[in-house]
Amino acid sequence: MTNQALPLFRLLDVEKIYRIDGGGWSRLGIGSRRQLAALDGIRLTVRTGDSVALVGESGSGKSTLLRVLLGLTASSNGRALYQGDDIETLADDKRRAFQRDVAMIYQDARGSLNPRLSVLDLIGEPLRQHGLCLAAELRDRVAVLLTRVGMSPDTADRYPSQLSGGQVRRVAIARALASQPKVIVADEAVSGLDVSTQAQLLNLLRGLQREMGLTLLFITHDLAVASYLCSRIAVMYLGRIVEAGPTKEVLRAPAHPYTRALLRASPRFFEPIAETLEGEIPSPIDLPAGCRFASRCPRVAPDCRQREPTLMTMRADRDVACLHPLFD
Amino acid sequence: MVAPDLLQRGEASTRSGSALLRDLVRACLYQLRARPFFGVAAFIAVAFLLAAVFAPWVAPFEPTFQDANHLMAPPNAVHWFGTDSFGQDLLSRVIYGARYAFLIGFCSVAIGAMGGLAIGLAAGLRGGAVEWSLMRFVDAILALPSLIMAIAFISILGQGVDKVIYAVGFAMIGPFARTVRADVLQVRTRTFVEAAGLMGVDRLRIVWRHILPNVIFPLAVQATIRISEAILVSSGLSFLGLGVVPPTPDWGLMISEGRAFISFVPWISGVPGAALALLLIALSIVGDGIREQFDPKMRANR
Amino acid sequence: MMHPVARQAEVAGSNVLSDRRDREPLLSLVDVSLARNGHSVLDRVSFAIERGETLGLVGESGAGKSTIALVAIGLLRPPAVTLDGRMQFAGHDDLLALPESAWAGLRGRRIAMIFQDPASALNPCFTVGRQLAGPLRRLLGLDRAAARRRAIELLESVGLNDAEARLAAFPHELSGGMQQRVMIAMALACNPELLLADEPTSALDVTIQAQIMQLILQQVRARNASCIFVLHDLALASQVCDRIVVLYAGQVVEAGPTEIVLRRPLHPYTNALRACVIELDTETLTPPDGGLPALGAMPPGCRFAPRCPSAKIACSLQTPPLRQLEGREIACWHPG
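Predicted model only: the values in this text are computed from it and were never measured.

### Some points on the overall build of chain B
Each helix and strand in chain B was counted, giving twelve helices and zero strands. Its helices and strands taken in sequence order, chain B reads α-α-α-α-α-α-α-α-α-α-α-α from the N to the C terminus. Residues classed as buried in chain B amount to 42% of the 302 residues present.

If you want it as structure tokens, here you go:
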């Protein structure tokens, strides 16, 4: 590979704008068509070996960003690059490599597995697709993968409906590993599970990442999960990255008021509930001028409603999009 | 109320190959236990089927054998269900008639399901103009009741058992195509299809491995339910004199033949009529039971 | 189960009746067992909740937390399941044997429930106003205008601004947080004495979770009502519950004041659960292997023994009884 020095993923001012009808009248040219900016000027770099957490509440644009990264959704503006090439217009051989190198773990693991295929067929599919093993070795390879994710090789003959939620997630992980990817993209891969199952999976993912040198892009709403798995973090709010940097430092001393609010809102043993933010994430349709967090920000100043802050490097390795960051 | 152990099996039913048959048998066994009515209906349907298959051994006479000494005889020891105006034994004709009923029912449903699958798949997968024109074609078929459609086809194809099969089969393509397209559209948006695409699985393979199996199963359930409809339509055709030609022992034809004597020899029409009614009711109860077991919409309380 | 002193007092005069009611727990379960298709789902569950108290049922999914909530509001009843034991609720001695007609007077009026997923608990076909006013008219006998006024009051009390306009909204027009606020308003409509909240915030974002939990606590306290939370998040439970009941495979394994049970867990399972909770400064997680035993295949003796790090042979021989130990109840042969 000649592109080893290039970052794996690079997003340059990616925007995703949906145009929506303002009801029946707008189709007749009466009334205005409105815009929904799901992503607005996203800049993100993921290098080989990085583990990056994308954190934000629902409606923050995490999932749209993921779809752009995977080439499932075309961006409206800006460029999304994989090893220097535009993801949307990859040449055939590069697309094939992309499909093998980038593996996805869905939030709805059960939904991402065809219920009519056995575990053997499910995990074997990427192996066969990319010609990674002979037909005769298939069962052995699947057994190895199953063992790798902490499941018994006998599971190969079962169907997803016969597995528990935690087991299904393990199968989804094994399937993602099958194509020997460089990057694992995981969308809320441990949410909605029991704490014990979640902890088991987190340990599994961390082990895989360390042992196999995987690059990890992990979408989560849970800051603690982000800090357990990822060395870097990007916090999103309403289609923008508001803060990015090394996870430990960002969580120790958040610079954006939103990051701090998220941090304080996560439950902590024996501390009173901290209701840190009022109201809810506003609708991304026709946003007002100024900082988009201004409507909920506890530290809002007059200029916040006029000037929109851009993501700027404030200190070594710390990017913040705030006019009045919380640096001491 | 569906028993939880079966709920699990119901879930497992979303599988392929021989598992499908096994689940079907399991479902029947469960229905048998849960509702005695289903048992009676299944027994009747199976009895008809066996009689049809083994007709030459079961029937006391040849279906076209004319007993000149017993014209229009009432039920008696020799002719259990009596004879018709040609002296043909009604029981034997009803038994042989079941052959035609099942033959026409199965074959025409197979044609309808195949045609519906092709059109539905094409429409659901291609989308756009292809979908639009195919679905308008289907709408046109559906605009007329299946009996009228079948009459139209018969008038083009001519009479005979094979022609009836084609006619009824074509008339059934419409409803099958609709359900297949709806299922394809729904399955296409499922996450596992997107996931396969992300892995680089090519389109044809996705259709074959991921979409088709999830469409075939509801189609098979549909087909079991529609067999009774096909039998009814084919009998209707024969009754109207448009279907099979005499002396073929077809129930519709037999009912039609007895019509002239209905006031004083009621059994000529009555016996095939009762056979038809009994089989259709039995088949719909069996079909409902199977659907209840497998239709995901009716399994919502899982 | 009546306190002997209270029994004497009741005979002595009627003015002490209220005193007796204050001292008796609002809801108490004594050895409640539940089986479904011959499989035991709950096994001799006992706990009580006082007036004005918040109690948390915690454990892994499948432990029976939600089942208890459904039994407590009479939605899980024979013949769907077989029930055994005794459940008392202020004034009713045996709720488990209560006929459906009598339940109608309790459910929604004195015992109310908030469900996990407001989006599916609300009917998508009707406006919020209609869904809120309907029960008000039916349960409280209000006329149309009064029900509307009361609905607006309720929505305002749960922090929905612009309440009048919200009445005309359909559930899908509201965000998840707002839907949950509407659910809370519905649950509080008749000032219930007991509120059951089954994972009320697991479908919501953390900042909204904090708001909703705060709201529930504040409303419950304002009414001196009691609340049973079904939670899987131990940290959250420690923030909102006065007392904790830890369930494993349908049995109570440890129960007591939150401060005691969660700060110094004695049952290995409670310990294991705590070790699974991920916090910002967590370096390593040490979850127990495996999962809950299957319903039909409960291990003999202590049900946690196969996963327990400190299990001895004796643990698999005999079921440990629930006993008092250091300010809590615990079912373990080798606590600590």
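### Section: the overall build of chain A
In terms of helices and strands, chain A carries ten helices and twelve strands. Taken over C-alpha atoms, the radius of gyration comes to 21 Å for chain A, in line with the 20 Å a tight globule of 328 residues would show. When burial is assessed residue by residue, chain A has 49% of its 328 residues classed as buried. Counting only contacts in chain A whose residues sit at least 6 apart along the sequence, the fraction spanning at least 24 positions is 63%.

### Brief notes about the interface of chain C and chain A
Opposite the 32 residues of chain C that make contact, chain A presents 35 residues. Across the side of chain C that touches chain A, the residue classes break down as 17 nonpolar, eleven polar and four charged.

### Considerations on helix α9 (residues 176–188) of chain C
Residues and elements named next belong to chain C. Over its 13 residues, α9 extends 18 Å from the first C-alpha to the last, a length consistent with the 18 Å expected when each residue adds 1.5 Å. Among the 13 residues that make up α9, twelve are buried, leaving the element largely enclosed by the rest of the structure. Those residues of α9 not exposed but buried are G177, M178, Q179, Q180, R181, V182, M183, I184, A185, M186, A187 and L188. Against β5 (111–114), α5 (118–121), α6 (128–140), α7 (144–157), β6 (194–198) and α10 (206–222) lie the buried residues of α9.

### What to know about the sheet that holds strand β2 (residues 39–49) of chain C
Residues and elements named next belong to chain C. With antiparallel pairing, the three strands of this open sheet are ordered in space as β2-β1-β4. Single-partner strands in this sheet number two, and they are β2 and β4 (82–89). Within this sheet the neighbouring strands show an average axis-to-axis angle of 10 degrees, counted without direction. Here strand β1 (residues 27–36) runs beside β2; their pairing, made up of seven bridges, is antiparallel. The residue of β2 that forms the bridge with S28 is A48.

### Focus on the packing of helix α7 (residues 146–157) of chain B against helix α8 (residues 161–188) of chain B
Residues and elements named next belong to chain B. Remark: α7 packs on α8, axes separated minimally by 8 Å, with the N-to-C direction vectors making an angle of 135 degrees. It follows that α7 is oblique to α8 by the angle criterion. For the pair α7 and α8, the crossing hand works out as right-handed. Contacts from S146, M149, A150, F153, I154 and L157 in α7 reach K163, Y166, A167, V168, F170, A171 and M172 in α8. A class-by-class count of the residues in the contact of α7 with α8 yields eleven nonpolar, one polar and one charged.

### Structural notes on the pairing of strand β7 (residues 183–187) of chain A
Residue and element names in this part refer to chain A. Buried residues dominate β7, accounting for five of its five residues. Residues V183, V185 and D187 point to one face of β7 and I184 and A186 to the other, with burial holding for every one of them. Here five bridges tie β7 to strand β8 (residues 215–220), and the two strands are oriented parallel to one another. Residue pairing in the sheet places A186 in a bridge with F218 of β8.

### Brief notes about unusual backbone geometry
Cis geometry is adopted by the peptide bond preceding P79(C), which originates at P78(C) and carries an omega value of 10 degrees. In this structure, Q180(A) takes a positive phi of about 50 degrees despite not being glycine. Checked against the element boundaries, Q180(A) lands in the loop between α6 (165–178) and β7.

### Comments concerning the packing of helix α5 (residues 90–126) of chain B against helix α10 (residues 203–239) of chain B
Residue and element names in this part refer to chain B. As a packed pair, α5 and α10 sit with axes 8 Å apart at the nearest point and diverge in direction by 140 degrees. Judged by the sense of rotation from one axis to the other, the crossing of α5 with α10 is right-handed. Between α5, through A101, I104, G105, F106, S108, V109, G112, A113, L117 and L125, and α10, the contact on the second element is made entirely by V207, L219, A223, R226, I227, A230, I231 and S234. Its residues assigned to classes, the contact of α5 with α10 shows 13 nonpolar, four polar and one charged.

### Focus: the sheet that holds strand β9 (residues 251–257) of chain C
Residues and elements named next belong to chain C. The strand order across the open sheet built from eight strands is β5-β6-β7-β3-β8-β9-β11-β10, with neighbouring strands paired in mixed fashion. Looking at strand neighbours, the two that pair on one side only are β5 and β10 (323–325), the edges of this open sheet. Direction aside, neighbouring strands of the sheet carry axes that sit 20 degrees apart on average. Both strand β3 (residues 54–58) and strand β7 (residues 226–231) contribute to a ladder of five bridges, which runs parallel. Looking across to β7, one finds that G56 is bridged to F229.

### Considering α6(C)
Residue and element names in this part refer to chain C. Taking 1.5 Å as the rise per residue, α6 with 13 residues should run 18 Å; its terminal C-alpha atoms sit 18 Å apart, in good agreement. Contacts from the buried residues of α6 go to α7, α8 (163–167) and α9. At the exit of α6 stands G141, carrying a positive phi of roughly 70 degrees.

### Examining the nonpolar core
A general trend in soluble globular proteins is that nonpolar side chains are found buried together. The biggest cluster of nonpolar side chains holds 278 residues, and the ones touching the most others in it are L202(A), L229(A), V168(B), A185(C), L195(C), L196(C) and V246(C). Sort the elements by how many residues they give to this core and α5(B) lands first, with 16 residues. Residue contacts for L202(A): discarding those within four places in its chain leaves V190(A), V225(A), Y228(A), L229(A), I278(C) and L285(C).

### Digging into the environment of R51(C)
The topology assignment puts R51(C) in the loop between β2 and β3. Expressed as a C-alpha distance, the spacing of R51(C) and L26(C), which sit 25 residues apart in the sequence, is 5.5 Å.

### With respect to the environment of V215(B)
Residues and elements named next belong to chain B. Topologically, V215 is positioned in helix α10. A tally of 23 C-beta atoms within 10 Å means that V215 is categorised as buried. Between the C-alpha atom of V215 and that of L117, which follows or precedes it by 98 residues, the distance is 8.7 Å. Apart from residues lying up to four places away in sequence, V215 is in contact with V180, D183, V184 and V187.

### Side note on the environment of T197(A)
With respect to the helices and strands, the residue T197(A) is situated in helix α7 (residues 195–212). The buried category is assigned to T197(A), around which 23 C-beta atoms lie within 10 Å.

### Section: the confidence of the model for chain B
All names here are of chain B. Per-residue pLDDT for chain B averages 82, and the proportion of residues at 70 or more is 89%. Per-element confidence in chain B is highest for helix α9 (residues 191–198), whose mean pLDDT is 92, and lowest for helix α1 (residues 4–12), whose mean pLDDT is 37. Counted against residues more than four places away or in other chains, residues 1–16, with its pLDDT under 50, gives 28 contacts. A low-confidence stretch, residues 296–302 (pLDDT under 50), is modelled with seven contacts involving residues beyond four sequence positions or located in other chains. If you check the scores for this complex, the pTM reads 0.82 and the ipTM reads 0.85.

Definitions and limits used
- Residues numbered from 1 in each chain as written.
- Chains lettered and ligands numbered in written order.
- Predicted model: local features only at pLDDT ≥ 70, side-chain atom pairs only at ≥ 80, totals over all residues.
- Helix = DSSP H or I, 4+ residues; strand = E, 2+ residues; numbered from the N terminus.
- Buried ≥ 20, exposed ≤ 12 C-beta atoms within 10 Å, placed from the backbone.
- Rg over C-alpha atoms; globule rule 2.2 N^0.38 Å.
- Contact = placed C-beta atoms within 7 Å.
- Nonpolar A, V, L, I, M, F, W, Y, C, P; charged D, E, K, R; others polar.
- Expected span 1.5 Å × (residues − 1).
- Pairing = 2+ DSSP bridges.
- Axes fitted to C-alpha atoms, helices over the stretch in contact; angles between N-to-C directions.
- Parallel < 35°, antiparallel > 145°, perpendicular 65-115°, else oblique.
- Left-handed = near helix turned anticlockwise from the far one by under 90°.
- Core = buried A, V, L, I, M, F, W, Y, C linked by C-beta atoms within 7 Å.
- pLDDT = per-residue confidence, 0-100.

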